[in-house]
Amino acid sequence: MLTPYDTTLPPDLRALKEKIEGHARDYGLDFFETIFEVIDADDLNEIAAYGGFPTRYPHWSFGMSYEELKKGYDYGLSKIYEMVINNDPCYAYLMRCNHTLDQKLVMAHVYGHCDFFKNNAYFAHTNRKMMDEMANHGARIRGYVEKHGEDEVEEFLDRCMSIDDLIDIHSTAIRRRSERSRYDFAPQREDGTKSTRFKAKDYMDEHINPRRLIQEEEAERRKSQEQKARRFPEQPEKNVLPFLLENAPLKPWQRDVISIIRDEAYYFMPQAQTKIMNEGWASYWHSTIMTEKALLPSEVIDYADHHSGTMAMSGGRLNPYKLGIELFRDIEQRWDTGRFGKEYEECDDLDVKKSWNRDLGLGRQKIFEVRKIYNDITFIDSFLTPEFCVEHNLFSFAYQEQAGVYYIDSRDFEAIKQRLLYSLTNFGKPWIYVVDGNYGNRGELMLMHKYNGVELRLDHAADTLANLQFFWGRPVHLQTIVDDAPTILSFDGQEHDINTGGEIDDVRGDSEE
């Protein structure tokens, strides 16, 4: 953005904005004030590379993203039609070279996103002044660059950004452990558990309650309490990044940089949790507003072309726009006709089920309810049906190594649903827990991979361990499964080590949440 220019809406687009906004509110959408800015394609690519925040801190990865977006646009491979920021007020960017039809479609789509940002429960904890907060983050990191040097700060940022997904995505709503003030100097309460003593007469007490057994029991209890005191956290924690922030031996500026990465990770987290719902909701409303209110007869063909391009499915990739909008439409149709509940589910007559219509008219009310309290996992789990999979020709696929081709693995509903849910759980990434911050009573860090059938990539695990060891300053270990055998991966700051076998914590288990 070397040449400044006016980004405010021209009169024709302002009139369109007011009209589209009126239609959106008439349909019941509730959103923050939305500010549209008109910018050139190159500037839109630059803002998109920064995640929508032009004042964000500098990092080489943003430049790499910009080059990718720019080349895609220059060669006609991709185009960003819209970008909207979860903020109060919401900021949305329009590409200056878009046709009027595209600008109307984008505005309608943006208002769907803004309504979702404001009302979905998973966005409730996010900072609604993030545009200002990002500028603050950028200023702080630029200050550290001036003070400590670009190379040192950039290297530390690289390490932080490599583990920015090692957070507990549900910690904003669930308190995993009680908070304890650093100024709480009250003595720890002793365990109230008493030694096992049986009621007996005085002359029989030595025989029924031998002192040797009672002393051994008390010694074992004291040993257990000492081990518990040495081991922290008391229970395995998935919040690896905040654990490092609280306990790693970091310099003040390093601790501040980690806190910035953590805050931004929590801010962007709901967008990943609700990608299918968010895009489906926005697509539903741009489709509804355009086809029922804003579309001119001369624009129908172009609209159908652009809309179908957005909804198109491609091999090997799930389109969240398509899946989301079709599921919302299916929910609306089912609740309008009464195709839900015990009576409908227990009906065995297929002809009756096909013509089922109770004329309840609850569809629009239901999709607003769904938009408010669900995320992608619960959305798919609750509303994906066998009939939906058949109608939209959904199937799971696999790769055949010998032939070098993909093939249809299954059209079974449960297999399709489980494959979808598996890809969405923790965004397809491994569950990593902090098990012990004082492993072996040597100040070493022990982590655990919750194994669910998919092994870690050892090269990725080695790089991650190296970065974690840099933060912790002591050897770092990771319990996992390699070749179906319990394994501990270690890095002491100089070399990696792999130990197979032995007794370690149970790392097998179903993925949670």
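What comes next is a walk through the structure.

Cut-offs applied
- Residues numbered from 1 in each chain as written.
- Predicted model: local features only at pLDDT ≥ 70, side-chain atom pairs only at ≥ 80, totals over all residues.
- Heavy atoms only, no water.
- Pairing = 2+ DSSP bridges.
- Helix = DSSP H or I, 4+ residues; strand = E, 2+ residues; numbered from the N terminus.
- Axes fitted to C-alpha atoms, helices over the stretch in contact; angles between N-to-C directions.
- Contact = heavy atoms within 4.5 Å.
- Patch = residues over 30% accessible without salt bridge, like charges linked within 9 Å, V, L, I, M, F, W, Y side chains within 5 Å.
- Areas by Shrake-Rupley, 256 points an atom, 1.4 Å probe, with all protein chains shown as cover.
- Salt bridge = Lys/Arg side-chain N within 4 Å of Asp/Glu carboxyl O.
- Buried < 20%, exposed > 50% of the residue type's maximum accessible area, 1.4 Å probe, protein only.
- Right-handed = clockwise from strand over helix to strand, strands pointing away.
- Phe/Tyr/Trp six-rings, centres within 6.5 Å; stacked < 30°, edge-to-face > 60°.
- Lys NZ or Arg CZ within 6 Å of the ring centre and 35° of its normal.
- Parallel < 35°, antiparallel > 145°, perpendicular 65-115°, else oblique.
- Left-handed = near helix turned anticlockwise from the far one by under 90°.

### Concerning the sheet that holds strand S8 (residues 476-482)
Reasoning step 1: The mixed open sheet is built from five strands, whose spatial order is S6-S7-S8-S9-S10. The two strands at the open ends of the sheet, each matched to only one other strand, are strand S6 (431-439) and strand S10 (496-500). Within this sheet the neighbouring strands show an average axis-to-axis angle of 25°, counted without direction.
Reasoning step 2: Judged from the six bridges that link them, S6 and strand S7 (residues 444-450) form a sheet pairing that is antiparallel. Within the sheet, the bridge partner assigned to Ile 432 lies in S7 and is His 449.
Reasoning step 3: In the packing of helix H9 (residues 240-247) onto the sheet, contacts are made with S6 and S7, and the angle to S6 comes to roughly 25°.

### Thoughts on a nonpolar patch on the surface
Reasoning step 1: A cluster of nonpolar side chains, Phe 395, Phe 397 and Ile 408, forms an exposed patch at the surface whose accessible area comes to about 240 Å².
Reasoning step 2: Position of Phe 397 among the secondary structure elements: in strand S4 (residues 396-400).

### Overview of the pairing of S7
Reasoning step 1: The buried fraction of S7 is high, at six of seven residues.
Reasoning step 2: In this sheet, S8 lies alongside S7 in parallel orientation, the contact comprising four bridges. Bridging across to S8, Leu 447 finds its partner in Leu 478.
Reasoning step 3: What joins S7 to S8 is helix H20 (residues 458-472), and the crossover it makes is right-handed.

### Focus: the packing of aromatic side chains
Reasoning step 1: Per the counting criterion, the structure on display carries 28 aromatic pairs.
Reasoning step 2: Judged by centre distance (5.8 Å) and plane angle (75°), the ring pair of Phe 36 and Tyr 111 falls under edge-to-face. You can see Phe 36 sitting in strand S1 (residues 34-39) and its partner Tyr 111 sitting in helix H4 (residues 100-119), a full 75 residues away along the chain. Each member of the pair, Phe 36 as well as Tyr 111, carries the same accessibility label: buried.
Reasoning step 3: Aromatic ring contacts, followed pair by pair, group Tyr 27, Trp 281, Tyr 284, Trp 285, Phe 328, Trp 335, Phe 340, Phe 368, Tyr 374, Phe 379 and Phe 383 into a single cluster.
Reasoning step 4: Residue placement shows Arg 159 over the ring face of Phe 470; its charged tip is 4.1 Å from the ring centre.
Reasoning step 5: For Lys 353, the ring lying beneath its charged end belongs to Tyr 344, and the centroid distance is 4.6 Å.

### Examining the sheet that holds strand S3 (residues 90-95)
Reasoning step 1: Across the sheet, which stays open at both edges, the three strands sit in the order S1-S3-S2 with mixed pairing between neighbours. Looking at strand neighbours, the two that pair on one side only are S1 and strand S2 (82-85), the edges of this open sheet. Neighbour-to-neighbour, the strand axes of this sheet turn through a mean angle of 20°, independent of strand direction.
Reasoning step 2: Summarising the sheet, S2 and S3 pair through four bridges and their orientation is antiparallel. By the bridge assignment, Ile 85 is partnered in S3 with Tyr 91.

### Considerations on the packing of helix H13 (residues 320-337) against helix H17 (residues 376-383)
Reasoning step 1: Orientation of H13 relative to H17, taken along the N-to-C sense of each, is 45°, at an axis distance of 11 Å. Between H13 and H17, the crossing angle belongs to the class labelled oblique. In this structure, H13 crosses over H17, and the sense of that crossing is left-handed. Note on element contacts: H17 touches H13 through Phe 379, Ile 380 and Phe 383, opposite Leu 323, Gly 324, Leu 327, Phe 328, Asp 330, Ile 331, Arg 334 and Trp 335.

### Digging into helix H2 (residues 41-49)
Reasoning step 1: In terms of residue burial, H2 counts as a mostly covered element, since seven of its nine residues are buried.
Reasoning step 2: For H2, every residue scored as buried is listed here: Ala 41, Asp 43, Leu 44, Asn 45, Ile 47, Ala 48 and Ala 49.
Reasoning step 3: Of the surrounding elements, those touching the buried residues of H2 are S1, helix H3 (60-74), S2 and S3.
Reasoning step 4: Just past H2, the residue Gly 51 takes up positive phi, approximately 75°.

### Section: the pattern of salt bridges
Reasoning step 1: Following the criterion strictly, the structure yields 24 salt bridges and no others.
Reasoning step 2: Residues Glu 299 and Lys 104 are paired through a salt bridge, measuring 2.8 Å at the closest nitrogen-oxygen approach. Residue Glu 299 is located in the loop between helix H11 (275-294) and helix H12 (300-311), and its partner Lys 104 is located in helix H4; the two are separated by 195 residues in the primary sequence.
Reasoning step 3: Among the residues examined, Lys 104 registers a relative accessible area of 4% and is labelled buried.
Reasoning step 4: Across the pair Arg 364 and Glu 332 runs a salt bridge, and its minimum N-O distance is 3.1 Å. Taken together, the positions of Arg 364 in helix H16 (residues 363-373) and Glu 332 in helix H13 put the pair 32 residues apart, joining distant regions of the chain.
Reasoning step 5: What emerges from the salt-bridge pattern is a single network uniting Lys 17, Glu 21 and Arg 25.

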